[in-house]
Amino acid sequence: MGLFPEESQWGLLTEAGLREDFQAAWIEGDDFDAIKAQLGIDPAAVLECDLATALRWSTMDDRTRVLWMGEHAPGWTFALTLTGSAADLNLPGRRVFDFCYLREIDEFYGVPGLYREEGLDDLELNDDQGAEDDLEPHLIAVGRITGRFVDREWLARRRTLCRIAAGARAS
């Protein structure tokens, strides 16, 4: 893996249908069953699907958190938040790099923990807030740390659509 991806990370994500708000988390660990248990996900309330199918669920009621989760890279799990917030995923003992970009107000909230990581000095990581232009270097930084950039193969994978009812999450 090189220092930079072959294609724009944000460009690929928007091309795949993530044109509005973008809330996601890269979670340390690839024991998907353990992560689902930590989040309080009912194993019977899941659906394997592609991103296009998952995005159709993004209009659900915000009281039910909906995540599209699965493998990102060895040692890392990806969770796209379709409803609810990625910022309050309670996963003690795991590094979690969460993103939040709100298109309506063109505001990006940085990735907690990212600024302490080494090997990112060449990227312009402007504080922890910014506009859409600030997303790309942050996505590249997460890719470097996790060992995988977003690419077309990554976007084409099927992952697990999970519903977490309010109050169901483990603390």
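Rules used throughout
- Residues numbered from 1 in each chain as written.
- Predicted model: local features only at pLDDT ≥ 70, side-chain atom pairs only at ≥ 80, totals over all residues.
- Heavy atoms only, no water.
- Helix = DSSP H or I, 4+ residues; strand = E, 2+ residues; numbered from the N terminus.
- Expected span 1.5 Å × (residues − 1).
- Buried < 20%, exposed > 50% of the residue type's maximum accessible area, 1.4 Å probe, protein only.
- Contact = heavy atoms within 4.5 Å.
- pLDDT = per-residue confidence, 0-100.
- 1 Å grid on protein atoms, 1.4 Å probe; cavity = no way out; pocket = protein on both sides within 12 Å on 5 of 7 lines; lining within 4 Å.
- Points joined across faces, edges and corners; volume = space filled by probe spheres on them.
- Nonpolar A, V, L, I, M, F, W, Y, C, P; charged D, E, K, R; others polar.
- Polar contact = N/O pair within 3.5 Å; in protein donor to acceptor, adjacent residues only side chain to side chain.
- Phe/Tyr/Trp six-rings, centres within 6.5 Å; stacked < 30°, edge-to-face > 60°.
- Lys NZ or Arg CZ within 6 Å of the ring centre and 35° of its normal.

When the terminal C-alpha atoms of helix α4 (residues 135-146) are compared, their 17 Å separation across 12 residues agrees well with the 16 Å that a helix rising 1.5 Å per residue should span. Summarising burial for α4: 12 of the 12 residues are buried, a large majority. Regarding α4, the residues found buried are Leu 135, Glu 136, Pro 137, His 138, Leu 139, Ile 140, Ala 141, Val 142, Gly 143, Arg 144, Ile 145 and Thr 146. Looking at the buried side of α4, the elements it contacts are α1 (9-15), β1 (22-28), β3 (64-73), β4 (76-83), β5 (96-102) and β6 (107-109). Count one or two residues on from α4 and you reach Gly 147, which has phi positive near 85°.

Let us look at the confidence of the model for the protein. Averaged over every residue, the pLDDT of the protein is 87; the share at 70 or more is 89%. When pLDDT is averaged over each helix and strand of the protein, the minimum, 78, is found for strand β7 (residues 129-130) and the maximum, 97, for helix α5 (residues 152-156).

Rolled over the atoms, a probe as big as a water molecule pinpoints where empty space is left. In this model, the second largest pocket occupies a volume close to 170 Å³. What lines the second largest pocket is simply Met 1, Pro 5, Glu 6, Glu 7, Gln 9, Leu 12, Gly 147, Arg 148, Phe 149, Val 150 and Asp 151. Across the lining of the second largest pocket, the residue classes tally to five nonpolar, two polar and four charged.

Our next topic: the environment of Glu 132. When you line up the elements, Glu 132 lands in the loop between β7 and α4. In this structure Glu 132 comes out as partly exposed when scored by relative accessible area, which is 24%. Those residues in contact with Glu 132 that sit more than four places away from it in its chain are Trp 10, Tyr 101, Arg 103 and Asp 106. A distance of 3.1 Å separates polar atoms of two side chains, one belonging to Glu 132 and the other to Arg 103.

As a further point, take the packing of aromatic side chains. If you walk through the whole model with that rule in mind, you get eight aromatic pairs. Taken together, a centroid distance of 5.6 Å and an interplanar angle of 25° make the contact between Trp 76 and Phe 97 stacked. Here Phe 97 lies in strand β5 and Trp 76 lies in strand β4, a separation of 21 residues in the sequence. Here Phe 99 and Phe 108 contribute two aromatic rings whose centre-to-centre distance is 5.3 Å and whose plane-to-plane angle is 50°, an arrangement assigned as tilted. Aromatic rings pair up to connect Trp 10, Phe 22, Trp 26, Phe 78, Phe 99, Tyr 101, Phe 108 and Trp 154 into one cluster. Over the ring of Trp 154 we find Arg 159, and its NZ or CZ is 4.2 Å from the ring centre.

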